Amino acid sequence: MGVVIKQSFWGTVIAYLGVIVGYFNTLYLRAEYFDLSQIGLFTLITANAMIVSPVSSFGMGSSFIKYFPSFEAGKRNQFFTFLLLITIIGNGLVLLTGFLLRDHIAARYLETAPTYINYLSITAIIIVSNSLFELFFSYSRTIMKVIFPSFLRDVYLRIASLLLVFGYAIDWWNFNGAVIGLGLIYLLAFVFLFIQLVVYHGFRFNFSFGFIDKKWRINLLKFGSYSMLLAGSFALLNNVSYDQVTTILGPEMNGIFTTCFFIAMIVEMPRRNMAKVISPILSSEFEKNNMAEVEKLYKRGSITMSVLGLLLFIGIVTNLQSLFDFIPKGSDFQTGFWVVIGVCLVKLSLMTSSFAGEIINFSEMYKYNLIFQVLAAVILIALNSIFIAQWGLNGAVISYMSAIFFHILLKVAFVRYHFGIHPLMKSHVPLFIIGALVTISAYFFKTGLHPVFDITIRSILTVIVYVFLIYRFRISADINKIIHSTFERFLKINLPK
């Protein structure tokens, strides 16, 4: 258990370090030295690769995690090597399909983003590199060695991307060189992980996999297909809007859209880390059929994440204008004001919905998660094709909000219908009243100072007032315990309970 806690702790630290690097790169370096079209293209290259990568891997990473305990230690490398060959074949088929359809793909971008056509090969490199990286990341998970691959994914890629922009800024290379470098850093991420597994963890290829009979191949085909569709639909939900904004409005508007979208992503960060901790607990309680404990975790998770998410929501919304006044090209990014607000609302709703998706996933009806996700992806693509042309970036965020809200409601309603539980508590009402009052007060409170000082002062005051009210009205028992322990440990103050 100590290994799991250590890996989880450092994984969380690495994730937040990656967010800090990502914010600096996105809101300052790229905004300062790239033009809007270059920002849009740089993001599009990676986004399209992330959409295709789950398909090219055939879901083999998830298959290895699911089935590796079924094999004795001596046969696991053979099993992994077999899955690696399938992944390589999958990538080959995807690249061949892309080559055969290259004229149709190019025609899609010819009118609004003809420059992107020159970078399709870089997208292909990232597709292959990422699918192989994720497969070997799965291997690292099974031996509980996730710190290094987490660092590569969450920090190295962001730092390397930052250096590509920095090199462009000081004329070490032109934009084409930066794009080529983008493909190279993803390729190197896979190479670094592969070398680490070989040198430090004794990984070796073993092509003696004759024991994988027809029964196993059918199992792999079924679960691999499920995993591929699940990961692919998730990738679509998170990336397809970038592609559609580019093809309908052009890369300049995608540069604004992607930057504004990224600003709001931090609202969901606490959920990602809590889900890693809560998932094995939920799984255990389902095994014991202890639905009372599942409901308790469901509700406690909702109120706790709502408290954290609402604080981040308030911080972004009330400081957004000052942020635009401070960052390079802020007047251009201000076009995406409602993109930030809309995505923040979506992420806050995800936090409030708690672990509905995880509850479905650990039940016998786990395949409904795939159905709901595919439906949401189809709705998003359909709405984007209508609304973006009519309302521009606001149309894109309306489509995104509609699709994700629909996805959330489906999951919450499904859990309510089949398990008789929901995530809401009475304390959600005073929480959102507090959130509304603090948001309005902070939004209209102006210091008149430089944007950096304005953001700093308003953020400090907002945190103090918000945390006091949350504590005073006992919104979340878990949050109150954290406040108590913080005051006792660091300030040596015993607060009344």
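In the block above lies the structure referred to throughout.
Residues numbered from 1 in each chain as written. Predicted model: local features only at pLDDT ≥ 70, side-chain atom pairs only at ≥ 80, totals over all residues. Heavy atoms only, no water.

Engineer: It is not clear to me how the overall build of the chain should be interpreted in this structure. Could you clarify?
Structural biologist: In terms of helices and strands, the chain carries 19 helices and zero strands. Rg of the C-alpha trace for the chain: 23 Å, near the compact-globule value of 23 Å for 497 residues, within the 12% margin. Taken across its 497 residues, the chain has 52% of its residues classed as buried. In the chain, 82% of the contacts between residues at least 6 apart in sequence involve partners at least 24 apart. (Helix = DSSP H or I, 4+ residues; strand = E, 2+ residues; numbered from the N terminus. Rg over C-alpha atoms; globule rule 2.2 N^0.38 Å. Buried < 20%, exposed > 50% of the residue type's maximum accessible area, 1.4 Å probe, protein only. Contact = heavy atoms within 4.5 Å.)

Engineer: Sorry, what's going on with the state of the cysteines here?
Structural biologist: Disulfides are covalent bonds that link the sulfur atoms of two cysteine residues. Counted by the stated rule, this structure contains zero disulfides. Distance from the sulfur of C260, which forms no disulfide, to the nearest cysteine sulfur (C344) is 10 Å. (Disulfide = S-S within 2.5 Å.)

Engineer: Teacher, can you tell me more about the packing of helix α6 (residues 120–142) against helix α7 (residues 147–169) here?
Structural biologist: Geometry of a packed helix pair, given as the angle between the helix axes and the separation of the axes. It is the contact of α6 with α7, at a shortest axis distance of 9 Å, that shows an interaxial angle of 145°. Along its contact with α6, which presents F133, E134, F137, S140 and R141, the element α7 presents P149, S150, L152 and R153. When the residues that make up the contact of α6 with α7 are grouped by side-chain class, the tally is four nonpolar, two polar and three charged. (Axes fitted to C-alpha atoms, helices over the stretch in contact; angles between N-to-C directions. Nonpolar A, V, L, I, M, F, W, Y, C, P; charged D, E, K, R; others polar.)

Engineer: What is the right way to look at the pattern of salt bridges in this model?
Structural biologist: Working definition: two side chains of opposite charge can pair if their charged atoms are close together. The final tally for this structure, using the stated rule, is eight salt bridges. The residue K347 makes a salt bridge to E268 at a minimum N-O spacing of 3.2 Å. A residue pair is termed long-range when its members are at least 10 positions apart, and K347 in helix α14 (residues 337–352) and E268 in the loop between α10 (251–264) and α11 (269–287) qualify at 79 residues. Take K347: its relative accessible area is 2%, and that puts it in the buried class. Across the pair K288 and E285 runs a salt bridge whose closest N-O atoms are separated by 3.5 Å. Given a relative accessible area of 55%, K288 falls into the exposed group. What makes E285 buried here is its relative accessible area of 10%. (Salt bridge = Lys/Arg side-chain N within 4 Å of Asp/Glu carboxyl O.)

Engineer: Looking at this structure, how should I read the nonpolar core?
Structural biologist: In a soluble, globular protein the nonpolar side chains are often hidden away together inside. With 143 residues, the main nonpolar core has F324, F333, V340, I359 and Y466 as its most contacted residues. Each residue touching I359, except ones within four places of it in the same chain, is listed here: L282, F286, V294, Y298, V415, F419 and I421. (Core = buried A, V, L, I, M, F, W, Y, C linked by side-chain atoms within 4.5 Å.)

Engineer: Please explain the packing of aromatic side chains as it appears in this structure.
Structural biologist: The description of two aromatic rings rests on the distance between their centres and on the angle between their planes. Enumeration according to the criterion identifies 43 aromatic pairs in this entry. Their ring planes at 65° and their centres at 6.1 Å tell us that W172 and W173 sit as a pair that is edge-to-face. For W172, a relative accessible area of 61% gives the class exposed. Relative accessible area serves as the criterion here: at 33%, W173 is assigned to the partly exposed category. Here F194 and F205 contribute two aromatic rings whose centre-to-centre distance is 5.7 Å and whose plane-to-plane angle is 25°, an arrangement assigned as stacked. You can see F194 sitting in helix α8 (residues 175–201) and its partner F205 sitting in the loop between α8 and α9 (214–249), a full eleven residues away along the chain. Taking the relative accessible area as the measure of exposure, F194 reaches 24% and is therefore partly exposed. For F205, a relative accessible area of 40% gives the class partly exposed. (Phe/Tyr/Trp six-rings, centres within 6.5 Å; stacked < 30°, edge-to-face > 60°.)

Engineer: Explain α9 to me, please; I cannot follow it from the model alone.
Structural biologist: Since the α-helix advances by 3.6 residues per turn, residues separated by three or four positions end up pointing in the same direction. Taking 1.5 Å as the rise per residue, α9 with 36 residues should run 52 Å; its terminal C-alpha atoms sit 49 Å apart, in good agreement. At N239, α9 is deflected by roughly 50°, the largest bend along its length. Of the residues trailing α9, G250 is marked for its positive phi of about 110°. (Expected span 1.5 Å × (residues − 1). Bend = angle between axes of the 7 residues up to and from the residue.)

Engineer: I keep staring at the packing of helix α12 (residues 291–326) against α14 and nothing clicks. Help me out?
Structural biologist: The contact between α12 and α14 brings their axes to 8 Å, and the two run at 170°. As judged from the angle between their axes, α12 and α14 are roughly antiparallel. Between α12, through S302, M305, S306, G309, L310, F313, I316, V317, L320 and F324, and α14, the contact on the second element is made entirely by F337, V340, I341, C344, L345, L348, M351 and T352. Classifying every residue of the contact of α12 with α14 by side-chain character gives 14 nonpolar, four polar and no charged. (Parallel < 35°, antiparallel > 145°, perpendicular 65-115°, else oblique.)

Engineer: How should I be thinking about α8 in this particular structure?
Structural biologist: The end-to-end C-alpha distance of α8 is 38 Å, a good match for the 39 Å that 27 residues give at a rise of 1.5 Å each. Regarding α8, its N-cap is N174, as a side-chain oxygen of that residue lies 3.2 Å from the backbone nitrogen of N176 further along. The positive-phi residue at the C-terminal boundary of α8 is G202, with phi of around 70°. (Polar contact = N/O pair within 3.5 Å; in protein donor to acceptor, adjacent residues only side chain to side chain.)

By themselves these figures say nothing about function.
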